[in-house]
Amino acid sequence: MPRVVALYRHPVKGFTPESLDALTVQADGRISGDRVLAFRFAEAAAPEDRDGLDHWPKSKGLALESFPALAALRLTYDHASTRVRIDHDGTTLVDAGLDDAGRAALVDAVTAFVRASPGGGRLKRPGRLPLVLVGDGVTARFQDRHRGYVSVHSAASVTALSAALGQPIDDRRFRSNIVIDDVEAWDDLGWEGEVRIGDVRLSTAGPIVRCLATHANPDSGERDAKVLTTLTGRVGQAEPTLGRLLILPGVSGAVGDGSGTGGMIRLGDEVVLASGPKAAPRP
């Protein structure tokens, strides 16, 4: 029986994940405390509209896809006091709250780090500076997609990809909320219909086509693994895909929509497919 073996949330988009024993799926379908803050380019401090929902495309803010060195920062977030601390190589770069002065200090520290990093020259492009730290520190809203998906992948798929790469990689590269075990590599790509994890009932949405963020080592921030071309080459996929999205039934996708039925997902919870697994497309 597939089970949950790791749980993550990412308080600040593109930065250090939190490894937890339990996650709460809110009534709007998002993970509580996940992506509650984001560093956006100056020209993208307000959301775009997609299908009547707020949309915050990652290409218009700091994200590992374009700024892999972010992974070398160690960010901790105190959810109770809404305070952010960022360390690098054992040195604290900034420790501040979310008042105006604290946000300015956080923006200054992160801007200085990114500008000095490989690829930092991208910040010189028009409309990017000054960066803006958006979010209230409580509301989950800065997921890659405009709907409030929960992301999941299997440990076996990562193991198979590691073998194809010829080097070990870990789950943090994929920035999923949920990692499961006791399922064959790539089988989750064939799931259809309802998926129950613990006491939370979700529905399958699309598979996750990956981006350059997965090339960044989650400790050093260096691009040291050619994940995308390995998935389409040695693994034989049409698109570089690992993991899939799950959605809470009955919600509009709007932030704060209370019409769904969420719940708690814990380490060790069983993963049950209502209709049984469909054969996944094989490389």
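Just so it is clear, the model here is predicted, and its values are computed rather than measured.

### With respect to the nonpolar core
Core analysis: the biggest nonpolar cluster contains 31 residues, and F39, L62 and L106 have the highest contact counts within it. Those elements that provide at least two residues to this core are β7 (74-78), β8 (83-88), β9 (91-97) and α1 (100-116). Looking at this core, the element that brings in the most residues is α1, giving 6 residues. For F39, the contacting residues outside a window of four places in its chain are V12, F15, G61, L62, L106, V107, V110, V132 and L133. Core analysis: the second largest hydrophobic core is formed by 21 residues, V4, L7, I180 and L202 among them.

### Some points on the sheet that holds β7
If you walk across this open sheet you meet the 3 strands as β7-β8-β9, and the pairing is antiparallel. What marks the edges here is a single partner per strand, and that holds for β7 and β9. Averaged over neighbouring strand pairs, the angle between their axes works out to 15° when direction is ignored. As paired elements, β7 and β8 share 5 bridges and run antiparallel to each other. The residue bridging D78 from the neighbouring strand is R83, located in β8. Of the strands in this sheet, β8 and β9 are in contact with α1, which crosses β9 at around 150°.

### Some thoughts on the packing of aromatic side chains
Summed over all chains, the structure comprises 3 aromatic pairs. On the basis of an interplanar angle of 75° and a centroid distance of 4.9 Å, the ring pair of W56 and F142 is categorised as edge-to-face. Placement of W56 in the loop between β6 (53-55) and β7 and of F142 in the loop between β10 (132-134) and β11 (150-154) is noted, with a sequence separation of 86 residues between them. Exposure remark for W56: the relative accessible area of 8% places this residue in the buried category. Relative accessible area serves as the criterion here: at 2%, F142 is assigned to the buried category.

The rules we used
Residues numbered from 1 in each chain as written. Predicted model: local features only at pLDDT ≥ 70, side-chain atom pairs only at ≥ 80, totals over all residues. Heavy atoms only, no water. Core = buried A, V, L, I, M, F, W, Y, C linked by side-chain atoms within 4.5 Å. Buried < 20%, exposed > 50% of the residue type's maximum accessible area, 1.4 Å probe, protein only. Helix = DSSP H or I, 4+ residues; strand = E, 2+ residues; numbered from the N terminus. Contact = heavy atoms within 4.5 Å. Pairing = 2+ DSSP bridges. Axes fitted to C-alpha atoms, helices over the stretch in contact; angles between N-to-C directions. Phe/Tyr/Trp six-rings, centres within 6.5 Å; stacked < 30°, edge-to-face > 60°.

Limitation: the analysis is restricted to geometry and does not speak to function.
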